[in-house]
Amino acid sequence: MKIIGVIGGSTCSEEIYNIAYEVGRYIAKKGNILICGGLGGVMEAACKGAKRENGLTIGILPTNDKNSKNPYVDIPIVTGMGEARNIIIVKSSDGIIAIDGGYGTLSELAFCGVLNVPVVLIKSWDIGIGLKEDNPEKAVDLLIKLIEKKI
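Residues numbered from 1 in each chain as written. Predicted model: local features only at pLDDT ≥ 70, side-chain atom pairs only at ≥ 80, totals over all residues. Heavy atoms only, no water.

J.: What is the right way to look at the packing of helix 1 (residues 14-29) against helix 5 (residues 136-147) in this model?
T.: Geometrically, a packed helix pair is captured by the angle between its two axes and the distance between the axes. One way to put it is that helix 1 packs onto helix 5 with a least axis distance of 8 Å and a crossing angle of 45 degrees. Considered as vectors, helix 1 and helix 5 are oriented oblique to each other. The element helix 1 and its partner helix 5 pack so that their crossing is right-handed. Across the interface between the two elements, Ile19, Glu22, Val23, Tyr26 and Ile27 of helix 1 pack against Pro136, Glu137 and Val140 of helix 5. (Axes fitted to C-alpha atoms, helices over the stretch in contact; angles between N-to-C directions. Helix = DSSP H or I, 4+ residues; strand = E, 2+ residues; numbered from the N terminus. Parallel < 35°, antiparallel > 145°, perpendicular 65-115°, else oblique. Left-handed = near helix turned anticlockwise from the far one by under 90°. Contact = heavy atoms within 4.5 Å.)

In structure tokens form, the structure reads like this:
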């Protein structure tokens, strides 16, 4: 069982929401735990997908209020750290799937590069780290292989 981080914007298009939902679903279906920033957008969609498969979800919240979590987070971790909580998400993950996202996602990807955390990118920042794969199921499979160092 792996802890897989899903990172991406707190707001997103319907297309990105649907992709994140499928990523979350496949993470849980394959018996893994999903960790994210616990808010809306990509994070909510991924958690919702994981819950569809009875998966466990963890939200590392930027606020001081555990009620700021999206309704699909099982375990809210309150930090009161704002964007600084991004390092906790990365360090707690065996690997990361980045879906779309803004500057917060970019900061998390930078931490992945510094800490050598495996990354798969779905329509996200191209900064020279991670592998690209736009199919949600293939992205999860690819990340698991990267984590297990099979490729």
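J.: Can you help me understand the nonpolar core in this one?
T.: For soluble globular proteins, the rule of thumb is that nonpolar side chains tend to be buried together. Core analysis: the biggest nonpolar cluster contains 30 residues, and Val6, Val23, Leu34, Ile97 and Ile99 have the highest contact counts within it. The set of elements that each furnish at least two residues to this core consists of strand 1 (3-8), helix 1, strand 2 (33-36), helix 2 (42-52), strand 5 (95-99), strand 6 (119-122) and helix 5. By residue number, the principal contributor to this core is helix 1, which donates 8 residues. Apart from residues lying up to four places away in sequence, Ile97 is in contact with Ile4, Gly5, Val6, Ile7, Val23, Val120, Ile122, Ala139, Val140 and Leu143. Counting residues in hydrophobic clusters, the runner-up holds 14 residues, among them Ile58, Ala98, Leu109 and Leu121. (Core = buried A, V, L, I, M, F, W, Y, C linked by side-chain atoms within 4.5 Å. Buried < 20%, exposed > 50% of the residue type's maximum accessible area, 1.4 Å probe, protein only.)

As far as function goes, none of this settles anything; it's purely spatial.
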